[in-house]
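One-letter residues, chain by chain:
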Amino acid sequence: MKDRLLPLMFAGTGSDVGKSLIATGMCRIFRQDGYSPAPFKAQNMALNSYATPDGFEIGRAQAVQAEAAGIPCSTDMNPLLLKPSGDHTSQVVLNGRPIGNRDAYEYFRREGREELRAEVCAAFDRLSARFNPIVMEGAGSISEINLRDSDLVNMPMARHADARVILVADIDRGGVFASVYGSIMLQSPEDRKRIRGIIVNKFRGDMRLFEEGRHMMEEICDVPVLGVVPYNRDIHIEEEDSVSLDVKKRHSADGKINVAVVLLRHISNFTDFDLLEKHSEVNLYYTNNERDLSEADIIIVPGSKSTLSDLYELRRSGLAKAILAAARDGKTVVGICGGYQIMGLEVNDPDGVEGDLRTLPGLGLLPVRTTLTGSKTTRQVDFSFDGGSEMCHGYEIHMGTTVLDEGAMPLCRLTDGQEDGCKVSERVMGSYIHGLLDNHTVISRLLAPYIGKCESGFMPVDYVAYKETQYDALAAMLREHVDIDRIYKILRQDD
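Since the structure is predicted, the reported quantities are computational estimates derived from the model, not experimental observations. (Residues numbered from 1 in each chain as written. Predicted model: local features only at pLDDT ≥ 70, side-chain atom pairs only at ≥ 80, totals over all residues. Heavy atoms only, no water.)

(A) The arrangement of the layout of surface pockets in detail. Roughly 530 Å³ of internal volume is contained in the second largest pocket. Lining the second largest pocket are 25 residues, and of these Tyr50, Arg60, Glu67, His393 and Lys467 sit closest to its centre. Residue assignment for the lining of the second largest pocket shows that the elements contributing at least two residues are helix 2 (60-69), strand 22 (391-404) and helix 15 (463-481). Looking at the lining of the second largest pocket residue by residue, the class counts come to 12 nonpolar, six polar and seven charged. (1 Å grid on protein atoms, 1.4 Å probe; cavity = no way out; pocket = protein on both sides within 12 Å on 5 of 7 lines; lining within 4 Å. Points joined across faces, edges and corners; volume = space filled by probe spheres on them. Helix = DSSP H or I, 4+ residues; strand = E, 2+ residues; numbered from the N terminus. Nonpolar A, V, L, I, M, F, W, Y, C, P; charged D, E, K, R; others polar.)

Here you go:
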């Protein structure tokens, strides 16, 4: 039996410094070394979510980390999920189920925080009793001292778990010395002692040039630098935050099947398109530009956390007309989840689930009508696609119900006999199923009308095997650039 390790938390000097990626890599390393790790993030804010095997909702990052650890995901890995639905409002998902919408001021007030704290601590305790070690992740910056009393996810969680903390800093954005030093010095003396190491992330260039900087950082912070990790775009792990979409705002390309994903303001679950993006004949890009849409062979209207708001914006901006024109011209238009709702005849919100908008006409591409309700469907599903015999897999996370007009043709049939989605032709269809395009049979059918324009042959990707190689590559990179032996020593200390 492996020795018991203390919990390990990766905290950040700010958002998007790479905590999730490093935590994912460490989950794989611990698994490779014979441990039974599990990820944990007390509170996550993200629109990319995932359905657990037992039908609950967690942040996508913890599902990815669980996959790297080789275990099924569960709500104990992310007991509190905030899904932004506006500039100041988020849906609060507790233990996998929505408990209502909260504005930021209301949510971060001290009143009621102890009840939430008890829930996330209980989730950690359950997880810790089953796995070893727990790989924890903080949120944003650990030095937001104005939020210290209401913080559920950073140093207060580390104290509850008796975790050892490694501070992750992004050198690519500049100011790495100030951000590291300030993050450490703004901690209480008790919390400062928990920070046992620093990882400098996203380094570009010759690492020998940072050797002096590394020693200087250790001297001024009195904390060892455990590694300097290079900026790497050759390892592909599913992203959690939509900031990653900035590098995917490309344009159409000759000799490829051009797939445009409509860049909705409240886009969710954009990982739905990761496998399609890797297809050898596909040029996939995200856009909110009418011309870019007009140049696409296939337009995908993705999931949305605020369907009515995004539908209103599509109409206001003129993108709705561009999508309709593409459909009239024989282009393929596909809607996923919120995008499926948008493509219908109407979307109604009689109870104000999403806000003040009560109803809007949809794009009218599919003969379906949606009514938003407070209840949420969250489940994994197996299904056959468009009358095919091959079994496919995906998951549903959506509010409300969609009803097909009489005579309309469903797109998928679930193994429990239920039907999903709607199809009016080989080139206009929609579905509630996230992960629809993680299935090769679906991708092949989608691309079939356009294969003739490609310059080379079809190169299929085994997505499950591909993800496994990426987790292994990430672990290998961290082993090369981070002092893993020293991390083990830190986790075996009981002082």
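(B) Structural detail: the pairing of strand 6 (residues 80-84). Counted residue by residue, strand 6 has four buried out of five residues, so it is predominantly covered. Summarising the sheet, strand 3 (residues 43-45) and strand 6 pair through three bridges and their orientation is parallel. Paired with glutamine 43 across the bridge in strand 6 is leucine 80. (Buried < 20%, exposed > 50% of the residue type's maximum accessible area, 1.4 Å probe, protein only. Pairing = 2+ DSSP bridges.)

(C) Structural detail: the side chain of glutamine 62. Considering the arrangement of structural elements, one finds glutamine 62 in helix 2. Glutamine 62 gets classed as buried once you look at its relative accessible area, which sits at 0%. At 2.8 Å, the side chain of glutamine 62 forms a polar contact with the side chain of asparagine 44. Setting aside its immediate chain neighbours within four residues, glutamine 62 contacts Pro39, Lys41, Asn44, Met77, Asn78 and Glu137. (Polar contact = N/O pair within 3.5 Å; in protein donor to acceptor, adjacent residues only side chain to side chain. Contact = heavy atoms within 4.5 Å.)

(D) Representation of helix 6 (residues 176-185) within the structure. For helix 6, the complete set of buried residues consists of Val176, Val180, Ser183 and Ile184. Here the buried residues of helix 6 occupy an arc of 95 degrees about the axis, which is enough to place them on one side. In this structure, the buried residues of helix 6 make contact with strand 10 (164-170), helix 7 (189-194), strand 11 (195-203) and helix 8 (211-221). (Arc of directions from axis to C-beta.)

(E) Region of interest: helix 1 (residues 19-32). For helix 1, with 14 residues, the first-to-last C-alpha span of 20 Å sits near the 20 Å given by 1.5 Å per residue. Across the 14 residues that make up helix 1, a large majority, 11, are buried. Turning to helix 1, its buried residues number three or more, namely Lys19, Ser20, Ile22, Ala23, Thr24, Gly25, Met26, Cys27, Arg28, Ile29 and Phe30. (Expected span 1.5 Å × (residues − 1).)

All we've got here are geometric facts, nothing functional implied.
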